Amino acid sequence: MSVARALGSETRAGIYAHLREAGDERTVRDVAGLFDLHPNVARTHLETLADAGLVRVGRRKHPGGGRPAKVYTAIPDAPDGTEPGPEGDSATGALRLRPQADPTLLVRLLAMLLDGPGIDARGRVVVAPPGRTTLAARAHETAAAEGRRLAGGLGDRGGAGRGRGRRGVVPVADAAALAVRALLPWAPELRVVKSGADWADITGLRPLFSPLIGLRPELAEVLERGLLMGVLAGAGVQVAVSEVGTLPGGGPVWRTRATSVTSARPRVEPAAGVDTRGQHREAGVVHAMRRITRLRAGEVLEVLAEGPGAPAAFARWADRAGHQLLGVERATDDTGRPAIRLLIRKGP
């Protein structure tokens, strides 16, 4: 079993990421409970990772006796024939594993960037006049839109909704964990280094953009920032991204800190609103879709939603329809009932 095939499944990639972050052994029952899987399905995923050389299988005795339980531990370095091993390994021919980034996501981003329109600082679609480029803005928006799509593809299976804080707000640490699961098939070294109440440090995304570093390093950085911001927005958290250091291997550590769109309220006056609370999120999207058709291009629709996966569902629809998701925040209505408030600007 190849590493690429083993990590090609979003669920398996998430399990492997969890084992790497945990750093200790897990049983089939542990993994099944965490990922809401049948134990037999969890066992199959774990054995597949073991076949690819990503996971070590062991046994743990029960304190009360009986048959030892099978346990699984992530192997940070294992044979795959890509790099020389540590000192002394060359005599035995052993090699170290460093999972390689899959370039298909980078190729897709660049292809969309070539075809996409320009985006100005306010998020409006523009056509660049002769002699003026909007490449950086277009790169950021292209990567952010793809990040939102990838996070939305995980839906409730990503698990961010299970750790929601007060009043339905997704903690940044949980959104960061979903971001890692969404991007891990293309960036196997991606991981959360540490996190706090409203921030999380993420690293390991740089190898995805390594083919572009030597040619256009500034474009690679814009794409990397945009992808992180988009995938976290798709998980339900608007963040600012800043570089806070580098790892020994040279990859940057990005701090993603939650931001609020409260300050934008005086500048954004919704032309209409819909309350989708109490509806399934897909029905809520249809409700918003019908309402926004009555607005003119550039006008803003306010959506009140609730429940896990709602921000990602509305973000997916907005991206497909050519609208712009201006912000997501927690809010309360006139009666004090909590909601997730989304502002969506109608596209041309």
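1. So, the overall build of the protein chain
In terms of helices and strands, the protein chain carries 11 helices and 15 strands. When each of the 348 residues of the protein chain is scored for burial, the buried share is 45%. Sequence-distant contacts in the protein chain: of pairs separated by 6 or more residues, those separated by 24 or more amount to 59%.

2. Remarks on the packing of aromatic side chains
Taken as a whole, this structure holds 0 aromatic pairs when the rule is applied. Positioned over the ring face of tryptophan 199 is arginine 255, at 4.2 Å from the centre of the ring.

3. Concerning unusual backbone geometry
One non-glycine residue, aspartate 36, adopts positive backbone phi at about 55°. Its place among the elements puts aspartate 36 in the loop between α3 (28–35) and α4 (39–51).

4. Quick look at the confidence of the model for the protein chain
Looking at the protein chain as a whole, its pLDDT mean stands at 76, while 76% of the residues score no less than 70. When the elements of the protein chain are averaged for pLDDT, strand β5 (residues 95–96) gives the smallest value, 37, and strand β13 (residues 300–305) the largest, 92. Within the model, the stretch residues 78–98 combines pLDDT values under 50 with 30 contacts to residues more than four positions away or in other chains. Counted against residues more than four places away or in other chains, residues 261–266, with its pLDDT under 50, gives 8 contacts.

5. A closer look at the sheet that holds strand β9 (residues 199–203)
In a beta sheet, neighbouring strands pair by backbone hydrogen bonds and run either parallel or antiparallel. Read across the sheet, 4 strands follow the order β8-β9-β11-β10 without closing on themselves; strand pairing throughout is antiparallel. Both outer strands of the open sheet, β8 (191–195) and β10 (239–246), are each paired with one neighbouring strand and no more. Here the strands of the sheet are splayed against their neighbours by 30° on average, with no regard to which way each runs. Here β10 pairs with strand β11 (residues 252–258) via 7 bridges, running antiparallel. Paired with valine 239 across the strands is alanine 258, a residue of β11. This element, helix α7 (residues 172–183), spans β8, β9 and β11 of the sheet and lies at about 170° to β8. Contacts from helix α9 (residues 217–234) reach β9, β10 and β11, with the element oriented near 130° to β10.

6. Here's the deal with the sheet that holds strand β1 (residues 26–27)
With antiparallel pairing, the 3 strands of this open sheet are ordered in space as β1-β3-β2. Across the chains shown, the open sheet's two edge strands, defined by having one partner strand only, are β1 and β2 (55–60). Together, β1, β2 and β3 (69–74) form the strand contacts of helix α2 (residues 10–22), whose direction differs from that of β3 by roughly 85°. The strands touched by α4 within the sheet are β2 and β3, with β3 carrying the most contacts at an inclination of about 50°.

7. Some thoughts on the environment of alanine 6
Its place among the elements puts alanine 6 in helix α1 (residues 3–6). For the pair alanine 6 and aspartate 51, spaced 45 residues apart in the sequence, the C-alpha separation amounts to 8.6 Å.

Thresholds applied
- Residues numbered from 1 in each chain as written.
- Predicted model: local features only at pLDDT ≥ 70, side-chain atom pairs only at ≥ 80, totals over all residues.
- Heavy atoms only, no water.
- Helix = DSSP H or I, 4+ residues; strand = E, 2+ residues; numbered from the N terminus.
- Buried < 20%, exposed > 50% of the residue type's maximum accessible area, 1.4 Å probe, protein only.
- Contact = heavy atoms within 4.5 Å.
- Phe/Tyr/Trp six-rings, centres within 6.5 Å; stacked < 30°, edge-to-face > 60°.
- Lys NZ or Arg CZ within 6 Å of the ring centre and 35° of its normal.
- pLDDT = per-residue confidence, 0-100.
- Pairing = 2+ DSSP bridges.
- Axes fitted to C-alpha atoms, helices over the stretch in contact; angles between N-to-C directions.

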